[in-house]
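Commentary on secondary and tertiary structure
Now for the letters of each chain:
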Amino acid sequence: MELPDFMSYANKFSQKGFVEKISRIAKRAGSKLVYAALVLYYTLQSDKIAVKDKAIIIGALGYLISPLDVIPDAIPIAGLGDDMAVLLYVLNKVWGNVPDDVKEKAKTRLNKWFDEDEINEIEDLFNPDQSM
(Lines give C-alpha, C1' and ligand atoms only; values in the text may rest on other atoms or scores of the structure.)
Protein backbone atom coordinates (compact mmCIF):
# COMPACT_ATOMS: atom_id res chain seq x y z
CA MET A 1 0.00 0.00 0.00
CA GLU A 2 1.32 3.43 -0.94
CA LEU A 3 1.20 5.94 1.89
CA PRO A 4 -0.88 9.08 1.39
CA ASP A 5 0.58 12.54 1.94
CA PHE A 6 -0.17 12.43 5.65
CA MET A 7 1.74 15.68 6.24
CA SER A 8 -1.14 17.53 4.61
CA TYR A 9 -3.19 16.48 7.65
CA ALA A 10 -1.00 18.25 10.22
CA ASN A 11 -3.59 20.99 10.68
CA LYS A 12 -6.18 18.36 11.67
CA PHE A 13 -4.31 17.41 14.85
CA SER A 14 -5.51 18.58 18.26
CA GLN A 15 -5.11 17.02 21.68
CA LYS A 16 -8.87 17.03 22.22
CA GLY A 17 -9.50 15.45 18.81
CA PHE A 18 -6.89 12.78 19.47
CA VAL A 19 -8.31 11.80 22.87
CA GLU A 20 -11.86 11.70 21.50
CA LYS A 21 -10.88 9.59 18.49
CA ILE A 22 -8.80 7.07 20.45
CA SER A 23 -11.54 6.70 23.08
CA ARG A 24 -14.13 6.11 20.37
CA ILE A 25 -12.20 3.59 18.25
CA ALA A 26 -9.98 1.84 20.80
CA LYS A 27 -11.65 -1.57 20.92
CA ARG A 28 -12.42 -1.64 17.20
CA ALA A 29 -8.90 -0.51 16.26
CA GLY A 30 -7.04 -2.99 18.43
CA SER A 31 -4.19 -2.69 20.87
CA LYS A 32 -1.43 -2.30 18.26
CA LEU A 33 -2.99 0.72 16.56
CA VAL A 34 -3.86 2.33 19.88
CA TYR A 35 -0.38 1.67 21.27
CA ALA A 36 1.27 3.16 18.17
CA ALA A 37 -0.97 6.23 18.41
CA LEU A 38 -0.32 6.66 22.13
CA VAL A 39 3.45 6.31 21.73
CA LEU A 40 3.40 9.00 19.05
CA TYR A 41 1.11 11.22 21.13
CA TYR A 42 3.30 10.96 24.24
CA THR A 43 6.48 11.33 22.17
CA LEU A 44 5.07 14.56 20.80
CA GLN A 45 4.87 15.86 24.38
CA SER A 46 8.49 14.89 25.13
CA ASP A 47 11.25 17.48 25.11
CA LYS A 48 13.69 14.73 24.06
CA ILE A 49 12.45 14.56 20.46
CA ALA A 50 13.62 16.63 17.47
CA VAL A 51 11.34 19.25 15.93
CA LYS A 52 11.45 17.46 12.56
CA ASP A 53 10.23 14.25 14.23
CA LYS A 54 7.47 16.18 15.97
CA ALA A 55 6.35 17.53 12.60
CA ILE A 56 5.86 14.08 11.09
CA ILE A 57 4.16 12.87 14.28
CA ILE A 58 1.68 15.75 14.06
CA GLY A 59 0.99 14.82 10.42
CA ALA A 60 0.40 11.17 11.31
CA LEU A 61 -1.87 11.96 14.27
CA GLY A 62 -3.74 14.52 12.16
CA TYR A 63 -4.30 11.80 9.56
CA LEU A 64 -5.63 9.48 12.25
CA ILE A 65 -8.05 12.10 13.53
CA SER A 66 -9.27 13.27 10.15
CA PRO A 67 -12.54 11.76 8.95
CA LEU A 68 -11.36 12.47 5.39
CA ASP A 69 -8.58 10.03 4.67
CA VAL A 70 -7.85 7.52 1.91
CA ILE A 71 -10.10 4.79 3.34
CA PRO A 72 -12.89 6.18 5.57
CA ASP A 73 -12.83 4.73 9.10
CA ALA A 74 -16.50 3.77 8.77
CA ILE A 75 -15.55 0.97 6.37
CA PRO A 76 -15.16 -2.13 8.58
CA ILE A 77 -11.64 -3.55 8.94
CA ALA A 78 -10.09 -1.71 5.97
CA GLY A 79 -11.11 1.70 7.30
CA LEU A 80 -8.39 1.74 9.93
CA GLY A 81 -5.79 -0.03 7.79
CA ASP A 82 -4.51 3.14 6.18
CA ASP A 83 -4.36 4.83 9.59
CA MET A 84 -2.32 1.93 10.95
CA ALA A 85 0.06 2.07 7.97
CA VAL A 86 0.71 5.78 8.51
CA LEU A 87 1.18 5.36 12.28
CA LEU A 88 3.60 2.44 11.84
CA TYR A 89 5.54 4.27 9.14
CA VAL A 90 6.09 7.28 11.41
CA LEU A 91 6.64 5.19 14.52
CA ASN A 92 9.29 3.20 12.69
CA LYS A 93 11.01 6.49 11.72
CA VAL A 94 11.15 7.82 15.30
CA TRP A 95 11.25 4.57 17.34
CA GLY A 96 14.96 4.84 18.15
CA ASN A 97 14.38 8.27 19.70
CA VAL A 98 11.33 7.33 21.76
CA PRO A 99 12.24 7.38 25.46
CA ASP A 100 11.49 4.19 27.43
CA ASP A 101 9.25 6.13 29.83
CA VAL A 102 7.04 7.15 26.88
CA LYS A 103 6.73 3.52 25.74
CA GLU A 104 5.81 2.49 29.28
CA LYS A 105 3.31 5.32 29.71
CA ALA A 106 1.58 4.30 26.46
CA LYS A 107 1.53 0.64 27.51
CA THR A 108 0.08 1.54 30.91
CA ARG A 109 -2.65 3.63 29.25
CA LEU A 110 -3.76 0.57 27.25
CA ASN A 111 -5.19 -0.86 30.48
CA LYS A 112 -8.14 1.49 30.06
CA TRP A 113 -9.37 -0.37 26.98
CA PHE A 114 -7.68 -3.77 26.77
CA ASP A 115 -7.13 -6.89 28.84
CA GLU A 116 -3.70 -8.42 29.46
CA ASP A 117 -3.79 -10.77 26.45
CA GLU A 118 -4.62 -7.91 24.09
CA ILE A 119 -1.88 -5.74 25.61
CA ASN A 120 0.65 -8.53 25.14
CA GLU A 121 -0.01 -8.36 21.38
CA ILE A 122 1.96 -5.12 21.18
CA GLU A 123 5.19 -6.90 22.09
CA ASP A 124 5.81 -7.95 18.48
CA LEU A 125 5.05 -4.53 17.02
CA PHE A 126 8.73 -3.76 16.51
CA ASN A 127 10.34 -7.13 16.89
CA PRO A 128 13.81 -6.74 15.33
CA ASP A 129 13.34 -10.04 13.48
CA GLN A 130 10.07 -8.85 11.97
CA SER A 131 10.20 -6.76 8.80
CA MET A 132 7.80 -3.92 8.18
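Look above for the structure.
Quick look at the structure, then.

The rules we used
Residues numbered from 1 in each chain as written. Predicted model: local features only at pLDDT ≥ 70, side-chain atom pairs only at ≥ 80, totals over all residues. Heavy atoms only, no water. Helix = DSSP H or I, 4+ residues; strand = E, 2+ residues; numbered from the N terminus. Rg over C-alpha atoms; globule rule 2.2 N^0.38 Å. Contact = heavy atoms within 4.5 Å. Areas by Shrake-Rupley, 256 points an atom, 1.4 Å probe, with all protein chains shown as cover. Lys, Arg positive; Asp, Glu negative; His and termini not counted. Charge placed at Lys NZ, Arg CZ, Asp CG, Glu CD. Salt bridge = Lys/Arg side-chain N within 4 Å of Asp/Glu carboxyl O. Buried < 20%, exposed > 50% of the residue type's maximum accessible area, 1.4 Å probe, protein only. Patch = residues over 30% accessible without salt bridge, like charges linked within 9 Å, V, L, I, M, F, W, Y side chains within 5 Å. Core = buried A, V, L, I, M, F, W, Y, C linked by side-chain atoms within 4.5 Å. Expected span 1.5 Å × (residues − 1).

What follows deals with the overall build of the protein. Tallying secondary structure elements over the protein gives six helices and zero strands in all. Moving toward the C terminus, one meets the helices and strands of the protein in the order α-α-α-α-α-α. For 132 residues, the compact-globule estimate of 2.2 N^0.38 gives 14 Å, and the C-alpha radius of gyration of the protein, at 14 Å, lies within 12% of that figure. Projected onto its principal axes, the C-alpha positions of the protein cover 35 × 30 × 30 Å. Put simply, 74% of the contacts in the protein that link residues at least 6 apart link residues at least 24 apart. Accessible surface, the protein as shown: approximately 7200 Å² in total, 53% of it carbon and sulfur. Of the charged side chains in the protein, 16 are positive and 20 negative, and the gap between their average positions amounts to 7 Å.

Attention now moves to the pattern of salt bridges. Enumeration according to the criterion identifies five salt bridges in this entry. The salt bridge partner of Asp 100 is Lys 103, with a shortest N-O separation of 3.8 Å. Pair noted here: Asp 100 and Lys 103 are both in helix H5 (residues 100-109), with a separation of three residues, about one helical turn. In this structure Asp 100 comes out as exposed when scored by relative accessible area, which is 61%. For the salt bridge of Glu 123 with Lys 107, the shortest nitrogen-to-oxygen distance reads 2.6 Å. Of this pair, Glu 123 sits in the segment after helix H6 (116-120) while Lys 107 sits in helix H5, and the two are 16 residues apart along the sequence. The exposure class assigned to Glu 123 is partly exposed, which follows from its relative accessible area of 49%.

Taken together, the side chains of Asp 115, Glu 116, Asp 117 and Glu 121 present a region of like negative charge at the surface. Along the polypeptide, Asp 115 turns up in the loop between H5 and H6.

What follows concerns the nonpolar core. For soluble globular proteins, nonpolar side chains are generally found buried alongside one another. Counting residues in hydrophobic clusters, the biggest one holds 42 residues, and the most contacted among them are Phe 18, Val 34, Leu 40, Leu 61 and Leu 87. When residues of this core are traced back to their parent elements, those giving at least two are helix H1 (15-29), helix H2 (31-44), helix H3 (51-65), helix H4 (81-94) and H5. In terms of residue count, H2 provides more of this core than any other element does, 11 residues in total. Residues in contact with Leu 61, not counting those within four places in the same chain, are Phe 13, Phe 18, Ala 37, Leu 40, Tyr 41, Leu 44 and Leu 87.

For H3, spanning 15 residues, the distance from its first C-alpha to its last is 21 Å, which sits close to the expected 21 Å at 1.5 Å a residue. Residues of H3 that are buried include every one of Asp 53, Ile 57, Gly 59, Ala 60, Leu 61, Gly 62, Tyr 63, Leu 64 and Ile 65, and no others. Buried positions along H3 lie against H1, H2 and H4.

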